[in-house]
Amino acid sequence: MISLSKLLTGSCHYGDRLRYTAGAARSPHGVREGLGPVVAWNMTRTCNLTCRHCYMNSDPKTYEGELNTGEALAFIRSLADFQVPVLLFSGGEPLIRPDFFTLAEEAARLEIRPTLSTNGTLIDRATAHRLKDMGVGYVGISLDGLEPVHDAFRCQQGAFRRAMEGIEHCVAVGQRVGLRFTINRHNYADIPRILDLMEEASIDRICFYHLVYSGRGSEMVKEDVTHDETRQLMDLLIDRTLDFQARGLEKELLTVDNHADGVYLYLKLREKDPAAAESLLALLRQNGGNRSGMAFANVDHLGNVHPDQFTQHVTFGNVREKPFGSIWQSTDHPLQAGLKDRKTLLKGRCAQCQWQDCCNGNFRARAEAVTGDFWEADPACYLTDAEIGGVSR
């Protein structure tokens, strides 16, 4: 994640203390020394929606083999043993699992910060109260655009309205809530209005996800935005971040799954305020760029451990067979070893780039989806050849 709010305004939220900490970039197994990775757990594949860009290929049906309650509790305890700081409950739709609250409460009891990624349609006022009372640190609700676009993406009329109701319930009870927005050609024009909606609905956080070509999203390669559009979007997000700050509004804006954003931010700021830009660059280096397989892990509904949620064809082990920490520290799988020290393996523009210490090769799943080579250049990097190789630092 790239926190525009932290990098541009100096604001500090929970995740910033994990992302921008001295030593984080050097730690091969955690966000910072002494901690395990942030873990995203697809606790179920079942979902009440059928979204076009779902990396899990989820549908409204039962899938066999997911961890049962006892196995799931044992898994969560193994995360605590490995000092995992955050567990993101994801799916499918995690609120469909009848034992969701049992499992999230166990994470909270063990001082693992539970967070929730949801489509929002199942959050009524009672659910919002329960999430708040049990200590869920953050609820991220996916919104794919304004109502016509969102409902088309979610393949269900009324999905936008129900998601907004879920947001309203969270806001009403004081549960920290934000938007998750996956950028693509169909919703790009909605982004300025989505930023307005944040303000109107008292939503304090939004994460803009760059499209990753995985699951059903693998069919959307030609529906991604262009490099020029990405640069224009970054300019808009920079302006809106600074505007929110100037008006005293505590809004947190982040981008996800494209670490070229951090470098672009640095280069833009350097034109106006070189000293501030150097401070920003230091934070990017502390973070170290993409941390898939290092400070970020994914566990699917079957208990398989992956480098991230978009690379589920690569499995390091299964938590039914070994504790999570034993699996995560192993380097038996060649890609697991490679991800922990990947710079010499990168190819193409990524190998030539002078910003490896800030980007770490960007997103490998996207590179493999387009080129067939896990270590090739990420096609979503929108920096020019001059910017990756000809800019003096």
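This text goes with the structure placed above it.
What you are looking at is a predicted structure, and each value in this text was computed from that prediction instead of being measured. (Residues numbered from 1 in each chain as written. Predicted model: local features only at pLDDT ≥ 70, side-chain atom pairs only at ≥ 80, totals over all residues. Heavy atoms only, no water.)

## Describing unusual backbone geometry
Apart from glycine, the bulk of residues carry a negative phi angle, and the bulk of peptide bonds sit in the trans form.
Phase 1 of the analysis: Here the residue pair Gly91 and Gly92 is connected by a cis peptide bond, since its omega of 15° sits within 30 degrees of zero.
Phase 2 of the analysis: Among the secondary structure elements, Gly92 is positioned in the loop between strand S3 (86-90) and helix H4 (100-109).
Phase 3 of the analysis: Here the phi dihedral of Ser202 falls at roughly 60°; this positive angle occurs in a residue that is not glycine. (Helix = DSSP H or I, 4+ residues; strand = E, 2+ residues; numbered from the N terminus.)

## Overview of the nonpolar core
Phase 1 of the analysis: Trp41, Phe75, Phe89 and Phe324 are the most contacted members of the largest nonpolar core, which has 97 residues in total.
Phase 2 of the analysis: Residues within four places of Phe324 in sequence aside, it is in contact with Pro37, Val39, Phe75, Ser78, Leu79, Phe82, Val84, Ala297, Val299, Val305 and Val319. (Core = buried A, V, L, I, M, F, W, Y, C linked by side-chain atoms within 4.5 Å. Buried < 20%, exposed > 50% of the residue type's maximum accessible area, 1.4 Å probe, protein only. Contact = heavy atoms within 4.5 Å.)

## Examining the sheet that holds strand S4 (residues 113-118)
Phase 1 of the analysis: Read from one edge of the open sheet, 11 strands run S1-S8-S7-S6-S5-S4-S3-S2-S9-S10-S11, paired in mixed fashion. Two strands lie at the open edges of the sheet, namely strand S1 (2-3) and strand S11 (317-318), each paired on one side alone.
Phase 2 of the analysis: Of the strand pairs in this sheet, S1 and strand S8 (residues 252-256) are connected by 2 bridges, and their pairing is antiparallel. Its bridge partner being in S8, Ser3 is matched across the sheet by Leu254. (Pairing = 2+ DSSP bridges.)

## Some words on the packing of aromatic side chains
Phase 1 of the analysis: The final tally for this structure, using the stated rule, is 12 aromatic pairs.
Phase 2 of the analysis: The interplanar angle of 55° and the centroid separation of 6.2 Å between the aromatic rings of Phe316 and Trp328 together place this pair among those described as tilted. Residue Phe316 is found in the loop between strand S10 (304-306) and S11, and its partner Trp328 is found in helix H12 (residues 324-329); the two are separated by 12 residues along the sequence.
Phase 3 of the analysis: With relative accessibility at 0%, the residue Trp328 sits in the buried group. (Phe/Tyr/Trp six-rings, centres within 6.5 Å; stacked < 30°, edge-to-face > 60°.)

## Observations regarding the packing of helix H9 (residues 227-246) against helix H10 (residues 260-272)
Phase 1 of the analysis: It is the contact of H9 with H10, at a shortest axis distance of 11 Å, that shows an interaxial angle of 65°. For the pair H9 and H10, the sense of crossing is right-handed. On H10, the residues touching Arg231, Met234, Asp235 and Ile238 of H9 are Asp261, Tyr264, Leu265 and Lys268.
Phase 2 of the analysis: Of the residues contributing to the contact of H9 with H10, the split by class is 4 nonpolar, no polar and 4 charged. (Axes fitted to C-alpha atoms, helices over the stretch in contact; angles between N-to-C directions. Left-handed = near helix turned anticlockwise from the far one by under 90°. Nonpolar A, V, L, I, M, F, W, Y, C, P; charged D, E, K, R; others polar.)

## A look at the state of the cysteines
Phase 1 of the analysis: Per the counting criterion, the structure on display carries 0 disulfides.
Phase 2 of the analysis: Just so you know, Cys359 is unpaired, no disulfide at all, and the nearest cysteine sulfur is the one on Cys350, 6.3 Å from it.
Phase 3 of the analysis: Residue Cys359 is classed as buried on the basis of its relative accessible area of 11%. (Disulfide = S-S within 2.5 Å.)

## Some words on the pattern of salt bridges
Phase 1 of the analysis: Within this structure, the stated rule accounts for 22 salt bridges.
Phase 2 of the analysis: Linking Glu106 and Arg77 is a salt bridge whose minimum nitrogen-to-oxygen distance equals 3.0 Å. In this pair, Glu106 sits in helix H4 while Arg77 sits in helix H3 (residues 69-81), placing the two residues 29 residues apart along the sequence.
Phase 3 of the analysis: Look at Arg77 and you get partly exposed, because its relative accessible area is 39%.
Phase 4 of the analysis: Overlapping salt bridges, with partners in common, bring together Glu66, Arg97 and Asp99 in one network. (Salt bridge = Lys/Arg side-chain N within 4 Å of Asp/Glu carboxyl O.)

## What about the pairing of S4?
On a regular strand, each side chain points to the face opposite its neighbour's, so the side chains alternate between the two faces of the sheet.
Phase 1 of the analysis: Burial within S4 is extensive, with 6 of its 6 residues counted as buried.
Phase 2 of the analysis: Relative to S4, S3 is paired through 4 bridges, and the arrangement is parallel. The residue of S4 that forms the bridge with Phe89 is Leu116.
Phase 3 of the analysis: Regarding topology, H4 serves as the crossover connection from S3 to the parallel S4, and that connection is right-handed. (Right-handed = clockwise from strand over helix to strand, strands pointing away.)

## What to know about the environment of Phe296
Phase 1 of the analysis: Looking at the secondary structure, you find Phe296 in strand S9 (residues 296-299).
Phase 2 of the analysis: Taking the C-alpha atoms as reference points, Phe296 and Val86, 210 residues apart in sequence, are found 10.0 Å from one another.
Phase 3 of the analysis: Those residues in contact with Phe296, other than ones at most four positions away along the chain, are Pro37, Val38, Ala40, Arg291, Pro307, Asp308, Gln309 and Trp328.

## Notes on the packing of H10 against helix H11 (residues 274-287)
For any two helices packed against each other, one specifies the crossing angle of their axes together with the interaxial distance.
Phase 1 of the analysis: Two elements in contact, H10 and H11, have axes whose closest approach is 7 Å; the angle formed by their N-to-C orientations is 160°. Our classification of the angle between H10 and H11 gives roughly antiparallel. For the element pair H10 and H11, the recorded crossing hand is left-handed. Contact residues: Gly262, Val263, Leu265, Tyr266, Leu269, Arg270 and Lys272 in H10; Pro274, Ala276, Ala277, Glu278, Leu280, Leu281 and Leu284 in H11. (Parallel < 35°, antiparallel > 145°, perpendicular 65-115°, else oblique.)

Remember that the coordinates give geometry; whether it matters functionally is a separate question.
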